Number of protein chains: 2
Amino acid sequence: MANKNINSVEEVKNKQVIFRDYVTGPPKESDFYITTSTIKLQIPPGSDAILVKNLFLSADPTLQFRMRTVQHQHLAGYQYTPGSPINGFGVAKVVDSGDPNFSVGDLIWGTTGWEEYSLIQQPQQLFKIQHTDVPLSFYTGILGMAGITAYALVYEIFTPRKGDRIFVTAASGAVGQLIGQYCKLMGCYVVGSAGNQEKVDLLKNKLGFDHAFNYKQEHDFDVALKRYFPEGIDIYYEQVGGKMLDAVLGNMKVHGCVASCGMISQYNIAEPETLKNVMQIVVRRLTMKGFTHRDHHHLYPKLLDTVLPYIREKKVVYVEDIVEGLENGPAAFVGLFSGRNFGKQVAAVAHE
Amino acid sequence: MANKNINSVEEVKNKQVIFRDYVTGPPKESDFYITTSTIKLQIPPGSDAILVKNLFLSADPTLQFRMRTVQHQHLAGYQYTPGSPINGFGVAKVVDSGDPNFSVGDLIWGTTGWEEYSLIQQPQQLFKIQHTDVPLSFYTGILGMAGITAYALVYEIFTPRKGDRIFVTAASGAVGQLIGQYCKLMGCYVVGSAGNQEKVDLLKNKLGFDHAFNYKQEHDFDVALKRYFPEGIDIYYEQVGGKMLDAVLGNMKVHGCVASCGMISQYNIAEPETLKNVMQIVVRRLTMKGFTHRDHHHLYPKLLDTVLPYIREKKVVYVEDIVEGLENGPAAFVGLFSGRNFGKQVAAVAHE
């Protein structure tokens, strides 16, 4: 197809979510605008890129780092370009390919644009989707980046023993709901926190957590944690940071572990909340590890071997919050920071 | 000897360092007083205790935790008893024994009293000293608790690779001087901080550190660290906590490690200093471990195999600050908190 006369190729409209400019505070819907350009459904002659039709886009809190001027040198190069479409993880179908590893019609997941069609210059970074008996949107979550995060944390980084007492924050979110269910499958006692009663009910009634609580209704996190963990916490899977992390450090068991894959409470405040219980890391001989999925993509085949059967046998459920339409993507993304999403936040661009 | 008529046994004077009462602030000399009691140089009839003559006592910062009412539940049971002598690690000679594993004349190290003679009820916790071709006082330091700490940190917990860039705080102290020298033997780049110029000179000129600086003369720890670690720190062996730890977290390499075996800057302040860089643990995917020697006593035979040759071949030097006389012990201990000691602080009670 790459050799076809370019003039004969269909040119279609391409709706896009454009990044307006760098921000300092929390993301707002007005940081983006929707535009419609046109695109030829063909890769440039001689290119080894692939052209995809986007199906599902993953709304992830970490995208907001890319909306800022560089704060952390380790994030340099990830910044969005004002006036261009944003990108992130998503599921897409190959429309044209200059890479022999990808054929027209293949389904992939990986970094793609927030637009209807994207030209992906480095397709070697993509994962090809081989199993389509599960919802395709799952490749933005349980079988995508959030899935790698949860799988690596529980099965590789800090693997609990039966009976361990586990605490999960952001427990109904993309990663938390998986961590909690995996730990339950391992025979642990699992408590989750979330930001409203509906999420708490989900954790207790649908996801099998032993207990759950609404952190917004707790005046003193230390008191809340002592209620559910009178003997202390073995493993804390951390996603929020700040005051909650500080309270957890004061409620860990000796030799306990803290795995931190995010600190969403700290992302959008001018000054990070300060912690006073850091000395408990010494007193209680804790191990704390920071974590990103990027270091663990090699685990993906093992993840599929473990998690696909869990999905098919309904041992694990995955709760998604799918908004329809690319144009609703920015609101869905911004909603993450106020906890508006109910489960993994996805934007559906197209269904096939 | 245990069956000998108790009336015939020599009764001697026993000078003791008595703990006055629980404190809230930093330890002061007036928290102790010296008294002289008498003691019969014999264990009670039927006892399996041992009676020792104390030679060298180890002045350790952590003793101060035992001068307080319980703050951390994990330290419960370790508190000193007002009106009784304090205890800590020391080197002693067995004078009488009800334990078949210990004979009169044996040299031991382990927990003993700050007094001339001590009755040790649980001698099974003691280490018997087998190698006396090195200074006996070394068993309060390089071959004692500080030695286990340094050995386990460098050879077991976070073992550096050749060329790693290492930062050590309290670098001329009991543990820091060993960590730095062990890392140099492994081919690392090692920088230490200390609290005066004399200590800085010691690190650079006698202990082989690549660089050293006086933290009291640095207005901005971040600037100081960037001077010595423009490419970041691979491993931070942490003993001070607070502002220095916070600055280090902002100067670690991705995947760097922080081993914390103490946070002396935080021990005696009403409210712990707060940290604002904790999120760097996630951003840089750091591993931070709290540590106590107590979890690593099983390594002691390996330590002797490694470190005794280092001492004998003068590959490692060990700097001690030995005050003569039990009565000078409290001042030596209190001096730790203002950095008055030059090297490992020891109090010599007797030399044989």
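Predicted model only: the values in this text are computed from it and were never measured.

### Let's talk about the overall build of chain A
Then, number 1: A count of helices and strands for chain A gives 8 helices and 15 strands.
Then, number 2: On C-alpha atoms alone, chain A measures out to a radius of gyration of 21 Å, which is about the 20 Å that the 2.2 N^0.38 rule sets for 352 residues.
Then, number 3: A principal-axis box enclosing the C-alpha atoms of chain A has dimensions of 70 × 45 × 35 Å.
Then, number 4: Relative to its 352 residues, chain A shows a buried fraction of 61%.
Then, number 5: Relative to all contacts within chain A whose residues are 6 or more apart in sequence, the contacts with residues 24 or more apart total 70%.

### Remarks on the domain arrangement of chain A
Frequently, the measure chosen for interface size is the accessible area removed from exposure when the parts meet.
Residue and element names in this part refer to chain A.
Then, number 1: What the domain assignment reports for chain A is domain 1 (6–140 + 319–348) and domain 2 (145–294).
Then, number 2: For domain 1 and domain 2, the distance between their C-alpha centroids amounts to 29 Å.
Then, number 3: Summing both partners gives a buried area of about 1,500 Å² for domain 1 against domain 2, and 62% of it is carried by carbon and sulfur.
Then, number 4: Three residues, Phe89, Val319 and Phe342, lead the burial of domain 1 against domain 2; their summed loss comes to 32% of the area buried on that side.
Then, number 5: Inspection of the region where domain 1 meets domain 2 yields 0 salt bridges.
Then, number 6: Taken together, domain 1 and domain 2 are joined by 3 residue pairs in polar contact (both at pLDDT 80 or more).

### Digging into the packing of helix α1 (residues 145–157) of chain B against helix α2 (residues 176–185) of chain B
All names here are of chain B.
Then, number 1: One can describe the packing of α1 onto α2 by two numbers: an axis separation of 9 Å at closest approach and a directional angle of 35°. Seen from above, α1 lies across α2 with right-handed handedness. Of the residues in α2, those touching α1 at Ala146, Gly147, Ala150, Tyr151, Leu153, Val154 and Tyr155 are Leu178, Ile179, Tyr182 and Cys183.
Then, number 2: Grouping the amino acids of the contact of α1 with α2 by side-chain chemistry returns 10 nonpolar, 1 polar and no charged.

### Some thoughts on helix α7 (residues 300–312) of chain B
Residue and element names in this part refer to chain B.
Then, number 1: For α7, which comprises 13 residues, the first-to-last C-alpha distance of 17 Å matches the rise-based estimate of 18 Å (1.5 Å per residue) to within 8%.
Then, number 2: All of the buried residues in α7 are Tyr300, Leu303, Leu304, Thr306, Val307, Leu308, Tyr310 and Ile311.
Then, number 3: Structurally, α7 contributes buried residues whose contacts are with β5 (107–113), β7 (127–128), α1 and α2.
Then, number 4: Two residues or fewer past α7, lysine 314 is found with a positive phi of approximately 55°.

### Here's the deal with the sheet that holds strand β11 (residues 233–238) of chain B
Then, number 1: If you trace the 12 strands from one edge of the open sheet to the other, you get β10(A)-β9(A)-β8(A)-β11(A)-β12(A)-β13(A)-β13(B)-β12(B)-β11(B)-β8(B)-β9(B)-β10(B), paired in mixed fashion. Each having just a single partner strand, β10 (211–214) of chain A together with β10 (211–214) of chain B make up the two edges of the open sheet. On average, adjacent strands in this sheet sit at an angle of 15° to one another, irrespective of strand direction.
Then, number 2: Here strand β12 (residues 252–260) of chain B pairs with strand β13 (residues 287–290) of chain B via 4 bridges, running parallel. Paired with Ser260(B) across the bridge in β13(B) is Gly290(B).
Then, number 3: Here helix α3 (residues 197–206) of chain B sits on the sheet in contact with β9 (189–194) and β10 of chain B, set at roughly 175° to β10(B).

### A word on unusual backbone geometry
All names here are of chain B.
Then, number 1: At histidine 255, a residue that is not glycine, the phi angle is positive and equals roughly 70°.
Then, number 2: Examined against the element boundaries, histidine 255 turns out to sit in strand β12.
Then, number 3: Although it is not a glycine, lysine 314 sits at a positive phi angle of roughly 55°.

### Considerations on the packing of aromatic side chains
Then, number 1: Inspection of the entire model under this criterion finds 36 aromatic pairs over all chains.
Then, number 2: For the pair Phe138(A) and Tyr318(A), a centre-to-centre distance of 5.7 Å together with 85° between the ring planes defines the contact as edge-to-face. Of the two residues, Phe138(A) is situated in the loop between β7 (127–128) and α1 (145–157) and Tyr318(A) in the loop between α7 (300–312) and β14 (320–324); the sequence distance between them amounts to 180 residues. Taken as a pair, Phe138(A) and Tyr318(A) share a single burial class, namely buried.
Then, number 3: When the ring of Tyr151(B) is compared with that of Tyr155(B), the centres are 4.8 Å apart and the planes differ by 20°; the resulting orientation is stacked. Residue Tyr151(B) and its partner Tyr155(B) are both found in helix α1; the two are separated by 4 residues, about one turn of the helix. Assigned by exposure class, Tyr151(B) and Tyr155(B) land together as buried.
Then, number 4: The structure contains a cluster of three or more aromatic residues connected by ring pairs, namely Phe167(A), Tyr189(A), Phe213(A), Tyr228(A), Phe229(A) and Tyr236(A).

### A look at the packing of α1(B) against α7(B)
Residue and element names in this part refer to chain B.
Then, number 1: Following both chains from N to C, one finds α1 and α7 inclined at 95°, their axes separated by 10 Å at the closest point. By the criterion of interaxial angle, the relationship of α1 to α7 is roughly perpendicular. For the pair α1 and α7, contact is made by Gly147, Ile148, Tyr151, Tyr155 and Glu156 and by Tyr300, Lys302, Leu303, Thr306, Val307 and Tyr310, respectively.
Then, number 2: Tallied by class, residues from the contact of α1 with α7 come to 7 nonpolar, 2 polar and 2 charged.

### A short note on the environment of Thr306(A)
Residue and element names in this part refer to chain A.
Then, number 1: By the element assignment, threonine 306 lies in helix α7.
Then, number 2: For the pair formed by threonine 306 and tyrosine 155, sequence separation is 151 residues and the distance between their alpha carbons is 9.9 Å.
Then, number 3: Discounting chain neighbours no more than four positions away, the residues touching threonine 306 are Tyr151 and Tyr155.

### As for the UniProt feature "transmembrane region" (unreviewed entry) in chain A
Then, number 1: As recorded in UniProt, the feature "transmembrane region" (unreviewed entry) lies at residues 136–158 of chain A.
Then, number 2: A helix fraction of 57% and a strand fraction of 0% characterise residues 136–158 of chain A, whose end C-alpha atoms lie 29 Å from each other.

### A look at the pattern of salt bridges
Then, number 1: The full count for this structure, using the stated rule, is 28 salt bridges over all chains.
Then, number 2: Salt-bridge contacts for Lys184(B) lead to Asp210(B); the nearest nitrogen and oxygen are separated by 2.8 Å. Of this pair, Lys184(B) sits in helix α2 while Asp210(B) sits in the loop between α3 and β10, placing them 26 residues apart in sequence.
Then, number 3: A network of salt bridges, in which partner residues are shared, links Arg161(A), Asp164(A), Asp234(A) and Lys253(A).

### A short note on the state of the cysteines
All names here are of chain A.
Then, number 1: Under the criterion given, the structure shown has 0 disulfides over all chains.
Then, number 2: No disulfide involves cysteine 188; its nearest neighbouring cysteine sulfur is the one of cysteine 183, lying 4.9 Å away.
Then, number 3: Residue cysteine 188 is classed as buried on the basis of its relative accessible area of 3%.
Then, number 4: Unpaired in this structure, cysteine 257 has its nearest cysteine sulfur neighbour in cysteine 183, at a distance of 12 Å.
Then, number 5: Residue class for cysteine 257 comes out buried when judged on its relative accessible area of 15%.

### Let's talk about the environment of Val52(B)
Residues and elements named next belong to chain B.
Then, number 1: Turning to its location among the elements, valine 52 is positioned in strand β3 (residues 50–58).
Then, number 2: A relative accessible area of 0% means that valine 52 is categorised as buried.
Then, number 3: As for valine 52 and alanine 350, which are separated by 298 residues in sequence, their C-alpha atoms are 12 Å apart.
Then, number 4: Among residues more than four places away in sequence, those in contact with valine 52 are Ala92, Lys93, Val94, Val95, Ile108, Thr112, Glu116, Tyr117, Ser118 and Ile120.

### Quick look at the pairing of strand β14 (residues 320–324) of chain B
Residue and element names in this part refer to chain B.
Then, number 1: Burial along β14 is one-sided: the residues Asp321 and Val323 are buried and none of Glu320, Ile322 and Glu324 is.
Then, number 2: The pairing of β14 with strand β15 (residues 344–348) spans 5 bridges and is parallel. In the sheet register, isoleucine 322 faces β15, and the bridge partner there is valine 346.
Then, number 3: In this view, the connection linking β14 to its parallel neighbour β15 by way of helix α8 (residues 329–335) has right-handed handedness.

Cut-offs applied
- Residues numbered from 1 in each chain as written.
- Chains lettered and ligands numbered in written order.
- Predicted model: local features only at pLDDT ≥ 70, side-chain atom pairs only at ≥ 80, totals over all residues.
- Heavy atoms only, no water.
- Helix = DSSP H or I, 4+ residues; strand = E, 2+ residues; numbered from the N terminus.
- Rg over C-alpha atoms; globule rule 2.2 N^0.38 Å.
- Buried < 20%, exposed > 50% of the residue type's maximum accessible area, 1.4 Å probe, protein only.
- Contact = heavy atoms within 4.5 Å.
- Domains from an automatic or database assignment.
- Buried area = accessible area lost by both parts, 1.4 Å probe.
- Salt bridge = Lys/Arg side-chain N within 4 Å of Asp/Glu carboxyl O.
- Polar contact = N/O pair within 3.5 Å; in protein donor to acceptor, adjacent residues only side chain to side chain.
- Axes fitted to C-alpha atoms, helices over the stretch in contact; angles between N-to-C directions.
- Left-handed = near helix turned anticlockwise from the far one by under 90°.
- Nonpolar A, V, L, I, M, F, W, Y, C, P; charged D, E, K, R; others polar.
- Expected span 1.5 Å × (residues − 1).
- Pairing = 2+ DSSP bridges.
- Phe/Tyr/Trp six-rings, centres within 6.5 Å; stacked < 30°, edge-to-face > 60°.
- Parallel < 35°, antiparallel > 145°, perpendicular 65-115°, else oblique.
- UniProt positions renumbered as here; feature names shortened; annotations may be inferred.
- Disulfide = S-S within 2.5 Å.
- Right-handed = clockwise from strand over helix to strand, strands pointing away.

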